[in-house]
Amino acid sequence: QVQLVESGGGLVQPGGSLRLSCAASGSIASIVAMGWYRQAPGKQRELAAHIIGNGRTNYADSVKGRFTISRDNAANKWYLQIDSLKPEDTAVYYCKADLADVHGDPAGDSWGQGTQVTVSS
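How each quantity is defined
- Residues numbered from 1 in each chain as written.
- Predicted model: local features only at pLDDT ≥ 70, side-chain atom pairs only at ≥ 80, totals over all residues.
- Heavy atoms only, no water.
- Helix = DSSP H or I, 4+ residues; strand = E, 2+ residues; numbered from the N terminus.
- Rg over C-alpha atoms; globule rule 2.2 N^0.38 Å.
- Buried < 20%, exposed > 50% of the residue type's maximum accessible area, 1.4 Å probe, protein only.
- Contact = heavy atoms within 4.5 Å.
- Areas by Shrake-Rupley, 256 points an atom, 1.4 Å probe, with all protein chains shown as cover.
- Lys, Arg positive; Asp, Glu negative; His and termini not counted.
- Charge placed at Lys NZ, Arg CZ, Asp CG, Glu CD.
- Phe/Tyr/Trp six-rings, centres within 6.5 Å; stacked < 30°, edge-to-face > 60°.
- Lys NZ or Arg CZ within 6 Å of the ring centre and 35° of its normal.
- Disulfide = S-S within 2.5 Å.

Asker: Even after reading the chapter, I still don't get the overall build of the chain, so can you show me in this structure?
Answerer: Within the chain one finds zero helices and 11 strands. Going from the N terminus to the C terminus, the chain shows its helices and strands as β-β-β-β-β-β-β-β-β-β-β. Relative to the globule expectation of 14 Å for 121 residues, the C-alpha radius of gyration of the chain, 14 Å, shows essentially globular dimensions. Over its C-alpha atoms, taken along the principal directions, the chain stretches across nearly 50 × 25 × 25 Å. Taking all 121 residues of the chain together, the buried fraction comes to 41%. In the chain, the proportion of contacts linking residues at least 24 apart, taken out of those at least 6 apart, comes to 54%. Looking at the chain as shown, the accessible area adds up to about 6400 Å², and 47% of this sits on carbon and sulfur atoms. The distance from the centre of the 11 positive side-chain charges to the centre of the 11 negative ones in the chain is 5 Å.

Asker: Looking at this model, I keep getting lost on the packing of aromatic side chains. Mind explaining?
Answerer: In this description, a pair of aromatic rings is defined by centroid distance and the angle of the planes. Under the counting rule described, the total for this entry stands at three aromatic pairs. Between Phe-67 and Tyr-93, the aromatic rings sit 6.4 Å apart at their centres with planes inclined by 50 degrees, giving tilted as the arrangement. In this pair, Phe-67 sits in strand β7 (residues 67-72) while Tyr-93 sits in strand β9 (residues 91-100), placing the two residues 26 residues apart along the sequence. No difference in accessibility class separates Phe-67 from Tyr-93, as the two residues are buried. Pairwise contacts between aromatic rings join Tyr-37, Tyr-94 and Trp-111 into one cluster. Against the face of Tyr-94 rests Arg-45, its NZ or CZ located 3.7 Å from the ring centre. Its guanidinium or amino end placed over the ring of Trp-111, Arg-45 lies 4.7 Å from that ring's centre, counting from NZ or CZ.

Asker: Can you help me understand the state of the cysteines in this one?
Answerer: Where two cysteines share a covalent bond between their sulfur atoms, that bond is called a disulfide. Summed over the entire model, instances satisfying the criterion amount to one disulfide. Residue Cys-22 pairs covalently with Cys-95 via a disulfide, S to S 2.1 Å. Because the sign of the S-S torsion sets the handedness, a value of about 70 degrees for the bond joining Cys-22 and Cys-95 places this disulfide among the right-handed ones. Note that Cys-22 is positioned in strand β3 (residues 18-26) and Cys-95 in strand β9, a separation of 73 residues in sequence. For Cys-95, a relative accessible area of 0% translates into the label buried.

As structure tokens, then:
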């Protein structure tokens, strides 16, 4: 079992920055990858950024160059740095952990509760 708690959302003006945090607890060793997803009002949840165990990252085209995903292994935290925010970035942001069992086989996932990011002047 892994529990995830996001924080760092808020109201920010266009062009501003935020750093979202995802704190993990529980079976940390089972986490093999972490993703940041977002869901805008009336839209489907979409993947914004993803990082796997070896540090490899990938980003949605809409956020490349503005979003940076990172992790602090010692603190069991993952981060999403969001720069040059646009109104269309307004959404609830969620972190999701991909889990594996002791054999390395997929073992489901775990979601946080989300944090609201609102970009408005």
